[in-house]
Amino acid sequence: MAVRKLARDRNGDGSGDTPKSRHTSGHRHGKRAAFAGALVCAAAMTVSPASQATASAQATAAACQTRADARHTDWTGMHFLGDVVCSHNTGSIRVQSTTDSMVNGQIDFSPSWFVCWKRGSPYQGGDIWYYTQGDTVSGSRTAKGWGYLPAAELSAATHPVPGLKQCTWS
């Protein structure tokens, strides 16, 4: 980050590239930028194990973000106000909150948003499932990839995720 900022300050355009007319005089600045980058890397490598553990715990707690104003409409026309965005494993979206339910879509990218949760069949020690829309449709085209992902697939400290509403039909 420090290297990019130095390049932006030097060029004034934020491109990070040295203009051809400054190639020789830019050599001295390039050494400074490389030195600054090395300092940043060295500082990052000297973080104590306790600090790393604290940062890891904070990252896990922050894995899900609540968005109160997010709006979604599912394939039935039901409107949702608010969601949570969480990191997760990629996987199958199921029509119902059961492991033997038909696969209706795939979540190919992480993080994703989830509009509500409900209880379903047990999956890896939990029975919470999250309602969302997959990135691709692999089942009923009518349902447009909407369905459930089991809680065990989310990177969240607790389930259900705090701030996410329970599905009204659960």
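This text goes with the structure placed above it.
Residues numbered from 1 in each chain as written. Predicted model: local features only at pLDDT ≥ 70, side-chain atom pairs only at ≥ 80, totals over all residues. Heavy atoms only, no water.

With that settled, consider the state of the cysteines. One pass over the structure, following the stated rule, counts 2 disulfides. Each sulfur in the disulfide pair Cys-64 and Cys-86 lies 2.1 Å from the other. On the sign convention where negative means left-handed, the S-S torsion of about 120° between Cys-64 and Cys-86 marks this disulfide as right-handed. Placement of the pair is Cys-64 in strand E1 (residues 64-73) and Cys-86 in strand E2 (residues 79-86), with a sequence separation of 22 residues. Among the residues examined, Cys-64 registers a relative accessible area of 16% and is labelled buried. Relative accessible area serves as the criterion here: at 0%, Cys-86 is assigned to the buried category. If one numbers only the bonded cysteines of the chain, in the order they occur, the disulfide pattern is 1-2, 3-4. (Disulfide = S-S within 2.5 Å. Helix = DSSP H or I, 4+ residues; strand = E, 2+ residues; numbered from the N terminus. Buried < 20%, exposed > 50% of the residue type's maximum accessible area, 1.4 Å probe, protein only.)

With that settled, consider the pattern of salt bridges. One pass over the full model with this rule turns up 2 salt bridges. A salt bridge links Asp-83 to Arg-67; its shortest N-O distance comes to 2.5 Å. One end of the pair, Asp-83, is in strand E2; the other, Arg-67, is in strand E1, and 16 residues separate them in sequence. Judged by its relative accessible area of 36%, Arg-67 falls in the partly exposed class. For Arg-119, the salt bridge is made with Asp-127, and the minimal N-O distance between the two is 2.9 Å. Residue Asp-127 is classed as partly exposed on the basis of its relative accessible area, which comes to 27%. (Salt bridge = Lys/Arg side-chain N within 4 Å of Asp/Glu carboxyl O.)

Counting 15 residues, the largest nonpolar core has Cys-86, Phe-114, Tyr-130, Leu-154 and Val-161 as the members making the most contacts within it. Every element with two or more residues in this core is listed here: E2 and strand E7 (126-133). Phe-80, Cys-116, Trp-129 and Tyr-131 belong to the second largest nonpolar core, which has 8 residues in total. (Core = buried A, V, L, I, M, F, W, Y, C linked by side-chain atoms within 4.5 Å.)

Once that is clear, we can look at the sheet that holds E1. Strand order in the open sheet formed by 3 strands is E1-E2-E5, and the pairing between neighbours is antiparallel. The open sheet has two free edges, formed respectively by E1 and strand E5 (112-114), since each of these has just one partner strand. Pairwise comparison of adjacent strand axes, ignoring direction, gives a mean angle of 40° for this sheet. Pairing between E1 and E2: 7 bridges, direction antiparallel. For Arg-71, the partnering residue across the bridge sits in E2 and is Leu-81. (Pairing = 2+ DSSP bridges. Axes fitted to C-alpha atoms, helices over the stretch in contact; angles between N-to-C directions.)

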